[in-house]
Amino acid sequence: MKKLIFIFFVSLITTLNIQAQTEKPLRKGFTAGVSLNGSVLHFTQGMSEDPTQGGISLPNLKMGWFVSPRTAIYVNTVGQIYESEGVDRSFEGIIPSIQYWATDKWWISGGYGASLDMRALYESEANSKKSEWGKGVLISTGYEVLQREKWALDIQSRLYMGRVTRSEGGNLDATNFSLGVGITLF
């Protein structure tokens with residue numbers, strides 16, 4: 001399965017680079033984006049560690065505003081669903097960030113905001129612990145493999161680190177690394 005995903009991404013990048021007619025994107029005003037990522041999530045609680053869990057990272061949304069053609073201010077939602085005590089939970093972040101295009105196609109981003117450990121939306125409230133809040137940091141980068149005037153398709157990577165305070169005491173620290181494909185509308 002890993003080989004198939006790798007072959008898919010390499011084929012996608014190659015095909016898009018061959019077919020791409022580079023147009024200058026018009027980066028101004030409102031902007032929004034969405035991405036589909038494969039990710040891994042690792043938890044640490046005090047001195048103990050939980051097994052690392054992999055999966056698909058959804059939703060990865062961002063909305064914001066361009067303050068210059070190379071700089072945008074976004075609000076990102078990041079996270080991943082994981083299993084805890086037989087119940088699906090979601091470790092999410094709502095992170096305001098600044099994204100900067102270092103070159104015409106390569107961007108970097110960083111931000112600080114809120115973390116949330118909650119039950120997955122499809123789980124019943126009776127089976128799950130209550131939601132807990134904390135703080136988190138997001139660092140990401142991406143390369144736009146296909147650019148058009150009003151949108152761009154990119155390959156991106158994110159590192160999200162968050163901490164929530166448990167109601168029963170102690171902290172839950174999480175590190176989430178993801179790699180995927182995103183589309184941004186300008």
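Whatever comes next refers back to the structure up there.
Before going into details, it helps to say that this report is about the structure given with it. Source: prediction; values computed, not measured.

1. Quick notes on the environment of Arg119
Note that Arg119 resides in strand β6 (residues 106-119). A relative accessible area of 23% means that Arg119 is categorised as partly exposed. Once the C-alpha coordinates of Arg119 and Val87 are considered, the two residues, 32 residues apart in sequence, prove to be 7.9 Å apart.

2. A short note on the pattern of salt bridges
All told, the structure shown has seven salt bridges when counted by the stated rule. Put simply, Lys24 and Asp104 hold a salt bridge, and the shortest N to O gap is 3.0 Å. Linking Lys24 in the loop between α1 (2-19) and β1 (30-45) with Asp104 in the loop between β5 (87-101) and β6, this pair joins segments that are 80 residues apart in sequence. When its relative accessible area of 59% is taken as the criterion, Lys24 is described as exposed. Residue classification places Asp104 among the partly exposed positions, given a relative accessible area of 38%. Residues joined by salt bridges that share partners form a network here, namely Arg89, Asp117, Glu132 and Arg166.

3. Brief notes about the nonpolar core
Counting residues in each nonpolar core, the largest one holds 11 residues, listed as Leu41, Phe43, Val78, Tyr82, Phe91, Ile95, Leu138, Tyr160, Val164, Leu172 and Ala174. Contributing elements (two or more residues each) for this core: β1, β4 (71-84), β5, β8 (151-165) and β9 (171-185). Apart from the residues within four sequence positions on either side, Tyr82 is in contact with Leu41, Phe43, Gln53, Val87, Asp88, Arg89, Ser90, Phe91, Asp117 and Leu172. Listed in part, the seven residues of the second largest apolar core include Ala72, Tyr74, Trp101 and Trp107.

4. Focus on the side chain of Gln147
Tracing the backbone shows Gln147 in strand β7 (residues 132-147). Taking relative accessible area as the criterion, Gln147 reaches 4% and is therefore assigned buried. Within the structure, the side chain of Gln147 is placed 2.7 Å from the backbone oxygen of Asp104, a separation counted as a polar contact. A distance of 2.6 Å separates polar atoms of two side chains, one belonging to Gln147 and the other to Glu144.

The rules we used
Residues numbered from 1 in each chain as written. Predicted model: local features only at pLDDT ≥ 70, side-chain atom pairs only at ≥ 80, totals over all residues. Heavy atoms only, no water. Helix = DSSP H or I, 4+ residues; strand = E, 2+ residues; numbered from the N terminus. Buried < 20%, exposed > 50% of the residue type's maximum accessible area, 1.4 Å probe, protein only. Salt bridge = Lys/Arg side-chain N within 4 Å of Asp/Glu carboxyl O. Core = buried A, V, L, I, M, F, W, Y, C linked by side-chain atoms within 4.5 Å. Contact = heavy atoms within 4.5 Å. Polar contact = N/O pair within 3.5 Å; in protein donor to acceptor, adjacent residues only side chain to side chain.

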